[in-house]
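Okay, here's what each chain looks like letter by letter:
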Amino acid sequence: MTTDETAPAPRGKVTITDIARRAGVSVPTVSRVVNGRSDVAPETRARVEDLLRLHGYRKRPTPSAPARATLLDLVFNDLDSPWAVEIIRGVEEAAHAAGAGTVVSAIHGRSGDAREWLRNLRARASDGVILVTSALEPTLHEQLRILGVPLVVVDPTGSPAFDTPTIGAANWSGGLAATEHLLSLGHRRIGLIAGPPRLLCSRARFDGYRAALEAAGLGVDESLVVTGDFRPESGCTGCTALLDLPEPPTALFAASDQMALGAIEALRRRGLRVPEDMSVVGFDDLPEVRWSAPPLTTVRQPLADMGTLAVRTVLRLARGEHPDSPRVELGTELVVRSSTAPPATTQ
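The following refers to the structure shown. (Residues numbered from 1 in each chain as written. Predicted model: local features only at pLDDT ≥ 70, side-chain atom pairs only at ≥ 80, totals over all residues. Heavy atoms only, no water.)

**Points about the layout of surface pockets**
The criterion, for reference: Note on definitions: the grid is 1 Å and covers protein atoms alone; a cavity is a set of points where a 1.4 Å probe fits but cannot get out; a pocket is an open set with protein on both sides within 12 Å along at least five of seven lines; lining residues have an atom within 4 Å of a point. Grid points are joined across faces, edges and corners, and a volume is the space filled by probe spheres set on the points. Segments assigned H or I by DSSP are reported as helices when at least four residues long, segments assigned E as strands when at least two residues long, and all are numbered from the N terminus.
A volume near 900 Å³ is recorded for the largest pocket. G24, R145, G148, P150 and D163 are, among the 29 residues lining the largest pocket, the residues nearest its centre. Of all the elements in the fold, those that place two or more residues in the lining of the largest pocket are helix 1 (16-23) and helix 6 (138-147). For the lining of the largest pocket, the leading source of residues is helix 6, giving six residues.

**Re the pairing of strand 3 (residues 128-132)**
To keep it simple, the criterion reads: Any residue under 20% of the maximum accessible area for its type is buried, any over 50% is exposed, and the rest in between are partly exposed; the area is computed with a 1.4 Å probe on protein chains only. A pair of strands is labelled paired if DSSP reports no fewer than 2 bridges between them.
By the criterion of burial, strand 3 is predominantly enclosed, with five of the five residues buried. Burial of the side chains of strand 3 extends over both faces: G128, I130 and V132 are buried on one face and V129 and L131 on the other. With five bridges joining them, strand 1 (residues 70-76) and strand 3 adopt parallel strand pairing. For L72, the partnering residue across the bridge sits in strand 3 and is G128. Two elements, strand 3 and strand 4 (residues 151-154), share four bridges in a ladder whose sense is parallel. Looking across to strand 4, one finds that I130 is bridged to V152.

**Concerning the packing of aromatic side chains**
Two aromatic rings are characterised by how far apart their centres lie and by the angle between their planes. Selection rule: Pairing of aromatic rings covers Phe, Tyr and the six-membered ring of Trp, with a centre-to-centre limit of 6.5 Å; geometry is then stacked below 30 degrees between planes, edge-to-face above 60, and tilted otherwise. Whether a charge sits over a ring comes down to the Lys NZ or Arg CZ being within 6 Å of the ring centre and within 35 degrees of the ring normal.
Following the criterion strictly, the structure yields one aromatic pair and no others. Look at F206 and Y209: their rings are 6.1 Å apart centre to centre, the planes differ by 40 degrees, and that puts the pair in the tilted class. Remark: Y209 and F206 occur in helix 8 (residues 200-215); sequence separation between them is three residues, near one turn of the helix. The class of F206 is buried, set by a relative accessible area of 16%. Its guanidinium or amino end placed over the ring of F283, R205 lies 3.8 Å from that ring's centre, counting from NZ or CZ.

**Observations regarding the packing of helix 4 (residues 82-97) against helix 11 (residues 303-318)**
Condition: Lines fitted to C-alpha atoms define the axes here, with helix axes fitted over just the stretch in contact, and angles between the N-to-C directions of these axes take values from 0 to 180 degrees. By the definition adopted for this analysis, an angle is roughly parallel if under 35 degrees, roughly antiparallel if over 145, roughly perpendicular if from 65 to 115, and oblique otherwise. If you view the pair so one helix is near and one far, a crossing is left-handed when the near helix is turned anticlockwise from the far one by less than a right angle, and right-handed when it is turned clockwise. The criterion used for residue contact is that any of the two residues' heavy atoms lie within 4.5 Å. Charged residues are taken to be Asp, Glu, Lys and Arg, nonpolar residues to be Ala, Val, Leu, Ile, Met, Phe, Trp, Tyr, Cys and Pro, and polar residues to be all remaining types, Gly included.
Relative to each other, helix 4 and helix 11 sit at 40 degrees, their axes nearing to 7 Å. Taken together, the axis directions place helix 4 and helix 11 in an arrangement best described as oblique. Like other packed secondary-structure pairs, helix 4 and helix 11 cross with a definite hand, here right-handed. Counted together, W83, E86, I87, R89, G90, V91, A94 and A95 of helix 4 and L303, A304, M306, G307, T308 and V311 of helix 11 form the full contact between these two elements. In terms of residue class, the contact of helix 4 with helix 11 is made up of nine nonpolar, three polar and two charged.

What follows is the structure in structure tokens.
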């Protein structure tokens, strides 16, 4: 028996899956070629068509079956955050412009939920997967590869497989800018409510905070650093712990807007004012923070743009093309509003 993958299979026995494996592309890409779709790279189309001719593939006649629209899976760990809504907005707009549909799922970090999602994915023959701040088990990741479904990771939790494109934000420079802003106002005791240390974005924001302090000739005072989970409750709890210190900070960098809003609530409960008694900076620039009391100074993370780029990237992969870069970081920007001011002692 021959093991040559270019050797013809028995006529009439070859499947789209066989062709996809031999061409090194996804099953949806071969399907698009078979159905005469235009959204396939010329080189990929030629390679697939050559294999179809070589193996004598014949499309099953289905005159009454309508053409299937492109379908993308968007997968989160959780959906209970305005942050997720902004990602969804960018994905939906880009998918609609490309004539694609989206299925949004949450796997809640549980392996059982992830396996159930994979079964559903297989049943609906998705053309691509966008995974947001979630981690698939290696076996599930391998299943995606076997199915030929392209994958793009947004805001990765850790270092994904080398061949998986990722899209993130410049978290380090964002953390640096937030801390430098507070330093420029004259603050020297700057607290940090960090995100979960298992997440790359949390570690990068902390490293930016550290770099700004060290550049100013200050070391990180570990007593001024607490850890949260990006939710308002953890921001409130973390700020309360900092206020209980013998010498509380005069300013606070919260690694998410929601934690910053929680910190402002903790200050309000103590009868303290923002920014008169403590300056607060967040991270994300969610729509609601411009209406907080006071409007929040924050680092704008291009969440919708990250979703848009993820759609464009996964559609390119589905067409058998390669992304321009496997690792993309979109820029962040400091947005100064009314929640920061010089410390009271220097006003």
